[in-house]
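Understanding the architecture of this molecule
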Amino acid sequence: MGAVREACVPGLFTEEGGAALLGARCRGCHTPYFPAPAHCRNPDCGASDVQPASFGGQGTLWSYSVANFAPPPPHRYDEPFKPYVIGVVDLDAGLRVVGQMVDSVGEVAVGCRVQLVIAPLFHEGGKAVTSWKFKRI
């Protein structure tokens, strides 16, 4: 039996019905936000009517960086530390978001298509602590 999955920050994403980030979109100007703000931050929008929205599916890797060293506390990771890719993704849903990549640096390239997934960040006490990540498709 696998580890119990637990979100690193409850309420930011969901796995139900497919991986999705839980944010908002302004009804007036249609600007997407993640995480959800209290009001629209678009200076050209007079409506400021944000409604809950979810963002998932596929997107395009806009840029990326490689974390070649272990992050300092309070960050946690499975031992031994393995370098990982942090990507900036333009989701087809209209949101640009930063997230860790499941793939290694040799498997990604700017412009490649990716899928939002929920995957473990680290394991602790029989739990897999999860977050949103991206996987090349």
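For the structure, check the block above.
The residue count restarts for each chain, going from 1 along the sequence in the order it is written. Totals for whole chains, interfaces and linings use all residues, but because this is a predicted model, local features are given only for residues with pLDDT of at least 70 and pairs of side-chain atoms are given and counted only at 80 or more. Each side-chain value is derived from all of the structure's non-hydrogen atoms; neither hydrogens nor water enter the calculation.

1. Notes on the overall build of the protein chain
Numbering of helices and strands runs from the N terminus, with a helix taken as a DSSP run of H or I at least four residues long and a strand as a DSSP run of E at least two residues long. Along the protein chain, the regular secondary structure elements total 0 helices and 10 strands. Ordered by position from the N terminus, the helices and strands of the protein chain form the series β-β-β-β-β-β-β-β-β-β. For the protein chain, the spread of C-alpha atoms along the principal axes amounts to about 50 × 35 × 30 Å. Burial here depends on accessible area, computed with a 1.4 Å probe over protein chains only, as a share of the maximum for the residue type. Under 20% is buried, over 50% is exposed, and the range in between is partly exposed. Here the protein chain holds 137 residues, and 31% of them are scored as buried. At a minimum sequence separation of 6, the contacts of the protein chain that also span at least 24 residues come to 54%. Here a residue-residue contact requires only that any non-hydrogen atoms of the pair lie within 4.5 Å.

2. Some thoughts on the pattern of salt bridges
Salt bridge, as used here: a side-chain nitrogen of Lys or Arg that lies within 4 Å of a carboxyl oxygen of Asp or Glu. Taken as a whole and judged by the stated rule, the model has 5 salt bridges. Ionic pairing is found between Arg 5 and Glu 15, a salt bridge with its closest N-O pair at 2.9 Å. Taken as a pair, Arg 5 in strand E1 (residues 4-7) and Glu 15 in the loop between strand E2 (13-14) and strand E3 (20-26) lie far apart in primary sequence, 10 residues in all. Given the relative accessible area of 39%, Arg 5 is considered partly exposed. Owing to a relative accessible area of 40%, Glu 15 belongs among the partly exposed residues under this scheme. Note that Arg 76 and Glu 124 form a salt bridge whose closest N and O atoms lie 2.8 Å from each other. Taken as a pair, Arg 76 in the loop between strand E6 (58-67) and strand E7 (84-91) and Glu 124 in strand E9 (residues 113-124) lie far apart in primary sequence, 48 residues in all. For Arg 76, a relative accessible area of 47% puts it in the partly exposed group.

3. Looking at the nonpolar core
In this structure, Leu 21, Leu 91, Trp 132 and Phe 134 are the most contacted members of the largest nonpolar core, which totals 19 residues. The set of elements that each furnish at least two residues to this core consists of strand E5 (50-56), E7, strand E8 (96-101), E9 and strand E10 (127-136). Side-chain atoms within 4.5 Å are what join buried Ala, Val, Leu, Ile, Met, Phe, Trp, Tyr and Cys residues into a set we call a nonpolar core. Judged by nonpolar contacts, the second largest core, of 6 residues, contains Ala 24, Cys 26, Tyr 33 and Val 50.

4. Here we look at the pairing of E9
Of the pairings in the sheet, the one linking E6 to E9 comprises 3 bridges and is antiparallel in character. Each residue of the ladder has a partner; that of Gly 59, found in E9, is Val 114. Whether two strands pair depends on DSSP finding at least two bridges between them. Note: E9 against E10, 10 bridges, orientation antiparallel. Following the sheet pairing, Ala 119 is matched in E10 by Ser 131. Here E9 folds back onto E10, and the loop between the two strands holds 2 residues, one of which, Gly 125, carries a positive phi near 55°.

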